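If you want the building blocks of each chain, they are given just below.
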Amino acid sequence: MKRRPDAGLVTPGSKRQSRQDPVSCESCRKKKLKCDRELPCSSCSARRLGCSYGSYGSGTTPVQSMTQTDQRPRLHSRVSEPPRTLQWTPRQDTVTQIHNGNESLLTADWLETIVMGHRVPSAVPATLRTKLSQNREPDRSPSHQNTTPDDRFPPMRERLASRENPATIHLPSYLPPLAEALSLFRYYCKYLDCQYHLIIPSHVEQQIKTIYEHVARNELINLSHTALLFAITAAALYYQLLIESPEQAEPFSQESTFLAGAALIQSNYIPYPSLEGLQATMVIGHHLSNMNVPSSVSPLFVHRSFVSQATSMGLHVVDCPRAVTERSATEFNRTNVELKRRLWWDLATYDWLIGFLSGPQEWTYSIHPEHMVVQQPLNVEDEDIDHSENGVPLSTPTAMTYSLCRSKLAIVCRQIVDEMAYYHFHEQEVPYEKILELDQKLHNICAELPSFFRFDQTSRREYSALYRERPTLAWQRALVQQGYHSRLCRLHRHYLVRGAKDPKYSYSHVVALRSARKVLEVKRIMDEEDPVFTPHSSVIWAVMHHVFMAAAILLIDVCFNWDDILAEKRKEEVLDACRMLSRAQQSSPIAREGIKAMMGILRKHWKHEKRVSSRDLQEPSASSNSNSATLNASQPGIPTPASLDPKSVTFPSEISNGQSTVYPSEYSLLSRLSRGEACGDADRRRSKSKAFFSPSATKSDLSREEA
């Protein structure tokens, strides 16, 4: 029998493998240029050279330069890989607690950055953005151009609007019939406006009717009002079609979004902004993914553009002394002033909220509170604006109550950014006392919530009739609860891992897990109890982002505290959360990427746990050592980040020598989730444990409840 050559010997003709792969490509190294380490790098792209990293060892693969006509983005882009620090080893139990904490933070930030792609496209690498846009490219064949899923929707035209010049396109010819426009407008007011309340419906309805009256008389139309109509149509079409004909949702909404942008361009909106134009851009910015907006008009629909246009109109100084004096000296439109306050505070609220979310905008914001003089909007119904000086207390529900509660949460998020940004920019650990101080602020605003926005059993029973009468209040109650508990998760995840082992930080461990479970419980109630939500909560980014991050908290706890006595139950919680997320894959390629990343981490953790458990449980005997050698030889190597594609990961068929057991049903579930298939109710195992709501709850309380 031939002996295999020693792997450590260097045979003639072979090259000794370098100890560390160079970080620059071959071309940049030869020319002594700075390489940005992309695939291909910018230097090779500019010179149209082949960009290769492949001559440095057998483990690397050359990468050819991609041209504009043949861009085939790599499946394992950086967003599809975990941070490089997540290189688990068989002796991970020897890693320090601080190092584990840093790894968990990197994992959480990486996962959240994926799902932030809908709101901050620059958070997603260009390679993945190209891949997603290619996957979403609608079928432009003639067979699809004149078909619609329902006669209620306007037909797709043979001549697509988005292929026209937005500055010269004839907008009246693309208006839907008046009846369809009003139907979509009422759908928006009934199901979507409650999330942000950017319009006054009675005014917009009159503006829509005026547009069609001018068209009938062959007169010029108000382009700002037309832009708002197209924006509302784009949002309503998207969510309505997601339920009835998902493949048509993006093409229809993209066409209406382009028409809204074209109307703004023709109205000379950039140098001469208008309130209706700002409303149009904000409607699209809030309700539609920024990655779906046609590139010819996309600069109009980004947050910083909203702030710039609002500042140009003076919305940041609506209530400065000079403006107040001018209003008091003349007759003024109270509704117009109140609308300006609402729009500005919505911009500030969104700006401060995303400052406390992962992505390039994290730990910063654009609107400084000392650079604005704008009163909070009144808690008043739209029709009562002209007749109310001070509004009504928050304990009385109105169309503005939710927006005011959301603004309170945003103010605390801005304070969190102010307190913690320095530490993150300088890569320093945030003092735990500061975490507790900010935690108290979050709990204080939660205590101030109106009783009809609370989720305890007493409030739910007391206001059940009100929720049936005004279903939007039930929706808003769920959103405000998810927003609050999601921020608690995010604040305490800095000490989540250490809190499982160090009593000094156990409060963070308890609060983060309790809040994550609360987010998932709220989503479950939205899906299973009356009133039934329309559109389904699984297609609303504001809901699913919180659900995704709650699932990430549970995932991190499983992966970094795998030896906990309740680890098996927490694995089930992660799987339940992924089942909950599975429906979002239907409408969101970003959600698919996020779920794939989570399942990859969970699979990787299970492999690691089995190896560690087997080594720790072995007897120091000759027979045990022999079994151990056989086992280790049969197991595959620990996967690298590039191998985390769920399709490339396989599980061993059987587990022995004391390794933890994972049942075949769980393997099957993981496979179906990674393929994006929804799981049936028969596979679901719902956790019935009650969540604690008191900030004074202890870790032992949580353990007893879980047991």
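Structure: see above.
Residues numbered from 1 in each chain as written. Predicted model: local features only at pLDDT ≥ 70, side-chain atom pairs only at ≥ 80, totals over all residues. Heavy atoms only, no water.

A. Spatial organisation of the pattern of salt bridges. Enumeration over the complete set of coordinates arrives at 17 salt bridges. The shortest N-O distance in the salt bridge between D382 and R342 comes to 2.8 Å. With a gap of 40 residues between them, D382 in the loop between α13 (334-354) and α14 (401-425) and R342 in helix α13 connect regions that are remote in the sequence. A relative accessible area of 5% places R342 in the buried class. In this structure, E448 and K408 form a salt bridge, with 3.6 Å as the shortest nitrogen-oxygen distance. Of this pair, E448 sits in the loop between α15 (432-447) and α16 (457-462) while K408 sits in helix α14; the two residues are 40 residues apart in sequence, bridging distant segments of the chain. Of the residues examined, K408 reaches a relative accessible area of 31% and is grouped as partly exposed. Ionic contacts of the salt-bridge type, sharing partners, join the residues D319, R327, E338 and R341 into one network. (Salt bridge = Lys/Arg side-chain N within 4 Å of Asp/Glu carboxyl O. Helix = DSSP H or I, 4+ residues; strand = E, 2+ residues; numbered from the N terminus. Buried < 20%, exposed > 50% of the residue type's maximum accessible area, 1.4 Å probe, protein only.)

B. The packing of aromatic side chains, seen in detail. Inspection of the entire model under this criterion finds 11 aromatic pairs. Judged by centre distance (4.9 Å) and plane angle (70°), the rings of F452 and F453 are edge-to-face. F452 gets classed as buried once you look at its relative accessible area, which sits at 1%. The class for F453 is buried, based on a relative accessible area of 0%. Three or more aromatic residues joined by ring pairs make a cluster, and in this case those are Y432, Y495 and Y505. Here the guanidinium or amino end of R498 rests over the ring plane of Y505, the centre of that ring lying 5.4 Å away. (Phe/Tyr/Trp six-rings, centres within 6.5 Å; stacked < 30°, edge-to-face > 60°. Lys NZ or Arg CZ within 6 Å of the ring centre and 35° of its normal.)

C. Representation of the environment of F548 in the model. Among the structural elements, F548 can be located in helix α21 (residues 541-560). Take F548: its relative accessible area is 2%, and that puts it in the buried class. Considering only alpha carbons, one finds F548 and A577, 29 residues apart in sequence, at a separation of 7.9 Å.

D. Highlighting the side chain of R327. You can see R327 is positioned in helix α12 (residues 321-329). For R327, the residues in contact, after removing those within four places along its chain, are V318, D319, F332, V337 and R341. (Contact = heavy atoms within 4.5 Å.)

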